[in-house]
Amino acid sequence: MSHDTLTRPLKTGRPPARPPAGRRRRHWSRRPNPLAGLGSVIWLVIVIVPIYAMISASLTHQDQALGNNALKPPARPTLDNYNTVLHNGFGHFLANTAIVAAAVVVIVLVLCVPLAYAAVRTRSLWSTAAFRLFLLGVAIPAQAVVVPLYLMIAKLNLYDSLLAIILPTAAFAMPVSVLILTGTLRDISEELYEAMALDGASATRMLFQLVIPMTKGGISTVVIYSALQAWNGFLFPLIFTQSDGPRVLTLGLFTYVSQFGVNIPALLASVVLSGIPIFAVYLVARRALVGGLMGVGGK
């Protein structure tokens, strides 16, 4: 056999091997997308500019709040506005808001996790009808039921208390929370339930040993969602409270609004301080929030 024959590549009649489809997709995904980049920059500017203007205005003197350009840095920055906020009951408002948010989260988790578990595992028509009826709460705005809620809270002697804020806020956070949790629970394989049933596990044991550990993403989403609803709530604290005792952060902003004017720098400083805690929570748990919302609706 000649040397040329040995060095010549063999012809097998097969086309050259193609790279796997996954590699081809990764190759295509690395191509630059100018439109997506431009859209991201525009959206970032839309988000950043108001935040910058708010922080900049909170560092200006009250007599210069309306005369300067909103995008111009303050000529003489000052922290007096933050000092004013911190010495006018901000800590009290923050503590009340934290209590309301924590209580709402606990109520929503204690009630919604078993509700979602029953809705997913029970196959009866009554369970399906009850679940759909429960989700009608998503379509009911809070403004439509303020008067009945006010009468109920007055009859229960809960007016002007933190419970008057906690209970309605938790009730209106539950429909979306159940929707999120049912979508997460439907992703649990049926074989896992059957395996635990063969081991003699009861429904309660399945809930605590299987469902809760495998739905941490959905539970984290519900925690963040309900905490945001409680932290940013304004209607229920405005209608169901009156004195300074149960006042929360959203109502505390009225401290800087008087009959003769508005202390705009102090008002914006209060907004900045009140947004820091919930923004920090969002930064820590944003992956769980997005992942849990992607599971809404289930399979």
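Not measured: the values here are computed from a predicted model.

Reading guide: rules and limits
Residues numbered from 1 in each chain as written. Predicted model: local features only at pLDDT ≥ 70, side-chain atom pairs only at ≥ 80, totals over all residues. Heavy atoms only, no water. Helix = DSSP H or I, 4+ residues; strand = E, 2+ residues; numbered from the N terminus. Expected span 1.5 Å × (residues − 1). Bend = angle between axes of the 7 residues up to and from the residue. Buried < 20%, exposed > 50% of the residue type's maximum accessible area, 1.4 Å probe, protein only. Core = buried A, V, L, I, M, F, W, Y, C linked by side-chain atoms within 4.5 Å. Contact = heavy atoms within 4.5 Å. Axes fitted to C-alpha atoms, helices over the stretch in contact; angles between N-to-C directions. Parallel < 35°, antiparallel > 145°, perpendicular 65-115°, else oblique. Left-handed = near helix turned anticlockwise from the far one by under 90°. Nonpolar A, V, L, I, M, F, W, Y, C, P; charged D, E, K, R; others polar.

### Considerations on helix H8 (residues 163-185)
Because the α-helix completes a turn every 3.6 residues, residues three or four places apart line up on one side.
Consideration 1: Between the first and last C-alpha of H8 there are 31 Å, a value that for 23 residues agrees with the 33 Å anticipated at 1.5 Å per step.
Consideration 2: Taken as a whole, H8 carries its principal kink of about 35° at methionine 174; the proline proline 175 stands between one and four residues after it.
Consideration 3: A large share of H8 lies buried, amounting to 17 of its 23 residues.

### Observations regarding the nonpolar core
Soluble globular proteins tend to bury their nonpolar side chains together.
Consideration 1: Core analysis: the biggest nonpolar cluster contains 45 residues, and Val85, Val100, Val104, Val108, Tyr117, Leu181 and Tyr193 have the highest contact counts within it.
Consideration 2: When residues of this core are traced back to their parent elements, those giving at least two are helix H4 (80-86), helix H5 (90-121), helix H6 (125-135), H8, helix H9 (190-198), helix H10 (203-214), helix H11 (216-231) and helix H14 (264-294).
Consideration 3: Those residues within four positions of tyrosine 117 in sequence are excluded, and the remaining contacts are Leu185, Tyr193, Ala203, Met206, Leu207 and Val211.

### Some details on unusual backbone geometry
Consideration 1: Notably, asparagine 157 is not glycine yet its phi reads approximately 60°, a positive angle.
Consideration 2: Locating asparagine 157 in the fold gives a position in the loop between helix H7 (146-155) and H8.
Consideration 3: Its identity as a non-glycine residue notwithstanding, aspartate 160 has a phi of 60°, on the positive side.

### Things to note about the side chain of threonine 78
Consideration 1: By the secondary structure assignment, threonine 78 is in the loop between helix H3 (34-58) and H4.
Consideration 2: The exposure class of threonine 78 is buried, given its relative accessible area of 11%.
Consideration 3: Setting aside chain neighbours within four positions, we find threonine 78 in contact with Ser58, Leu59, Thr60 and His61.

### Thoughts on the packing of H5 against H11
Consideration 1: Packing of H5 against H11 leaves a shortest axis separation of 8 Å and a crossing angle of 140°. By the angle between their directions, the pair H5 and H11 is classed as oblique. At the point where H5 passes H11, the crossing takes the right-handed sense. Along the contact surface, H5 presents Leu94, Thr97, Ala98, Val100, Ala101, Val104, Val105, Val108 and Leu109, while H11 presents Ile219, Val222, Val223, Ser226, Ala227, Ala230 and Trp231.
Consideration 2: Considering only residue class, the contact of H5 with H11 consists of 14 nonpolar, two polar and no charged.

### Some thoughts on the packing of H9 against H10
Consideration 1: Put simply, H9 and H10 touch, their axes get as near as 11 Å, and they point 150° apart. Taken as axis vectors, H9 and H10 run roughly antiparallel relative to one another. For H9 against H10, the interelement crossing comes out right-handed. Between H9, through Leu192, Tyr193, Met196 and Ala197, and H10, the contact on the second element is made entirely by Arg205, Met206, Gln209, Leu210, Val211 and Met214.

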